[in-house]
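Close look at the chain arrangement
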Amino acid sequence: MSFKNWKITAHLSAPMAGDAPYLDALLMNELACKMGMNASSKLTRATPLRGVKMPPIPVAKRTVEGIDLYCISDPILVAHAEYVERQAGRFETDLMTALVKPKELKKMTVTSGHYKSRYAPVRVRNVGKVVWFARCDRGRTLQLLRKAEAIGAERSYGYGRVHEWTFEEVAENISLFAKDEDGNCVVMRTMPIECAVNATGYKATFGAASPPYWHPDNFREIAKPC
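Here's what I pulled together on the structure shown here. What you see is a predicted model; the values in this text were computed from it and never measured. (Residues numbered from 1 in each chain as written. Predicted model: local features only at pLDDT ≥ 70, side-chain atom pairs only at ≥ 80, totals over all residues. Heavy atoms only, no water.)

**Overview of the overall build of the chain**
Heads up, the rule is: To qualify as a helix, a DSSP run of H or I must reach at least 4 residues; to qualify as a strand, a run of E must reach at least 2; elements of each kind are numbered from the N terminus. This radius of gyration counts C-alpha atoms alone. The globule rule is 2.2 Å times how many residues there are, raised to the power 0.38. Here the term buried applies to any residue with accessible area under 20% of the maximum for its type, exposed to any over 50%, and partly exposed to those in between, with areas from a 1.4 Å probe on protein chains only. Note on contacts: a residue pair is in contact if any heavy atoms of the two residues lie within 4.5 Å. To measure how exposed things are, a 1.4 Å probe is used in the Shrake-Rupley method; for residues, cover is taken only from the protein chains shown. In this count, Lys and Arg are taken as positive residues and Asp and Glu as negative ones, while His and the chain termini are left out. By convention, the point assigned to a charge is CZ for Arg, NZ for Lys, CD for Glu and CG for Asp.
Secondary structure assignment for the chain yields four helices and twelve strands. A globule of 226 residues ought to have a C-alpha radius of gyration of about 17 Å, yet the chain, at 22 Å, is considerably larger. Reported as C-alpha extents along the three principal axes, the dimensions of the chain are approximately 75 × 45 × 35 Å. Counting every position in the chain, which comprises 226 residues, the buried fraction comes to 37%. By sequence separation, contacts in the chain at least 24 residues apart represent 72% of the contacts at least 6 residues apart. Summing over all exposed atoms, the chain offers an accessible surface of approximately 13900 Å²; the carbon and sulfur share of this is 49%. The centroid of the 32 positive side-chain charges in the chain is displaced by 8 Å from the centroid of its 24 negative side-chain charges.

This is how it looks when you write it as structure tokens:
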């Protein structure tokens, strides 16, 4: 594989719900589907990560303070507008009763389960594009990203549709750290807190610094760009 420094951009044709994804996690999911790893075994929060084989994504790694990190920055975006939409669902008992024969009527639960009424809020942002900086193999990365037709949450409802993925080569690798105008080292991706000792531009919190980001085995003190 030929690794180079790239600015990867997802051009969106629809507003995005929720948060933009970590690109390494997105690539892992697409490659796992392509290799059939999702079908062969199910990874849950109760599954120990030790011994679990992770998909070999075409992204470089760099060792910082003895810890290997994927060379992909956190998503960078500018929201032109932000608002809340609602997802509503209701089982119309009065209408359904009129369609069923009286002798076929029966009781059913509408306060929980599949027929429970809902009026859930969805955070939506008008985002023209989402950018990541990465050191990766362009050809193989683009091949995986072409399968990602939408990003963010509630994609099945049409949110976060990706019109095009583009790659622009950059001179320096700023996927992990970058320099600001004063020459200070700025954190560009979520990483273990000990990796950001000599850096700035982050907030200390608790979470995961590597995929799968939702798995409790990866939770630790982290430095998250802000």
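**Focus: the packing of helix α1 (residues 23-35) against helix α4 (residues 138-145)**
Let me state the cut-off plainly: An axis is simply a line fitted to the C-alpha atoms; with a helix, the fit covers only the stretch in contact. Between two such axes, the angle follows the N-to-C directions and lies from 0 to 180 degrees. Should an angle lie under 35 degrees it is considered roughly parallel, over 145 roughly antiparallel, and from 65 to 115 roughly perpendicular; all remaining angles are considered oblique. Amino acids outside the nonpolar list (Ala, Val, Leu, Ile, Met, Phe, Trp, Tyr, Cys, Pro) and the charged list (Asp, Glu, Lys, Arg) are all regarded as polar, and Gly is one of them.
Contact geometry for α1 and α4: axes closest at 9 Å, N-to-C directions at 75°. Relative to α4, the element α1 lies roughly perpendicular. Contact residues: α1 offers L23, L26, L27, E30, L31 and K34, while α4 offers T141, Q143, L144 and L145. Taken together, the residues of the contact of α1 with α4 sort by class into six nonpolar, two polar and two charged.

**Looking at the sheet that holds strand β10 (residues 191-192)**
Operational definition: Here, any two strands with at least 2 DSSP bridges between them count as paired.
With antiparallel pairing, the three strands of this open sheet are ordered in space as β10-β12-β11. Whereas interior strands pair on both sides, the edge strands pair on one side only; in this sheet they are β10 and β11 (202-208).

**A few points about the environment of V131**
Here V131 lies in strand β6 (residues 118-137). Exposure remark for V131: the relative accessible area of 9% places this residue in the buried category. The spatial distance from the C-alpha of V131 to the C-alpha of T9 is 4.5 Å, given a sequence separation of 122 residues. Those residues in contact with V131 that sit more than four places away from it in its chain are K7, I8, T9, D74, P75 and I76.

**So, the layout of surface pockets**
Where we set the bar: Only protein atoms enter the calculation, which uses a 1 Å grid: trapped sets of points that fit a 1.4 Å probe without letting it out are cavities, open sets showing protein on both sides within 12 Å along at least five of seven lines are pockets, and any residue with an atom within 4 Å of a point is a lining residue. Grid points are joined across faces, edges and corners, and a volume is the space filled by probe spheres set on the points.
Here the largest pocket is characterised by a volume of approximately 780 Å³. Lining the largest pocket are 27 residues, with D19, A20, P21, Y22 and P75 positioned closest to its centre. The set of elements that each furnish at least two residues to the lining of the largest pocket consists of α1, β5 (76-89), β9 (185-187) and β12 (219-225). It is α1 that contributes the most residues to the lining of the largest pocket, four residues altogether. Its residues placed into classes, the lining of the largest pocket shows 16 nonpolar, three polar and eight charged.

**Quick notes on a nonpolar patch on the surface**
Filter applied, for reference: Patch membership requires over 30% relative accessible area and the absence of a salt bridge. Like charges are linked within 9 Å, and nonpolar side chains (Val, Leu, Ile, Met, Phe, Trp, Tyr) within 5 Å. Basic side-chain nitrogens of Lys or Arg form a salt bridge, by our definition, when they fall within 4 Å of a carboxyl oxygen of Asp or Glu.
Taken together, the side chains of L95, M96, L99, V100 and L105 present a nonpolar region at the surface, about 480 Å² in accessible area. By secondary structure assignment, the location of V100 is in the loop between α3 (93-99) and β6.

**What to know about α4**
Here is the rule we go by: Throughout, the arc means that of the directions going from the helix axis to the C-beta atoms. Under this definition, polar contacts are N or O atom pairs within 3.5 Å; protein pairs additionally need one hydrogen-donor-capable and one acceptor-capable atom, and for neighbouring residues in sequence, both atoms have to be side-chain atoms.
Among all positions in α4, only T141, L142, L144 and L145 are buried. Burial along α4 is one-sided: seen end-on, the buried residues are contained in an arc of 160°. The inward-facing, buried residues of α4 abut β1 (3-12), α1, β6 and β7 (162-169). Residue D137 occupies the N-cap position of α4, its side-chain oxygen lying 3.3 Å from the main-chain nitrogen of G139.

**Observations regarding the pattern of salt bridges**
Applying the stated rule across the entire model yields six salt bridges. Residue D19 is joined to R123 by a salt bridge in which the shortest nitrogen-to-oxygen separation is 3.2 Å. Taken together, the residues D19 in the loop between β2 (16-17) and α1 and R123 in strand β6 connect sequence positions 104 residues apart. Taking relative accessible area as the criterion, D19 reaches 52% and is therefore assigned exposed. For R125, the salt bridge goes to D19, with nearest N and O atoms at 3.4 Å.

Distances and angles like these do not, on their own, reveal function.
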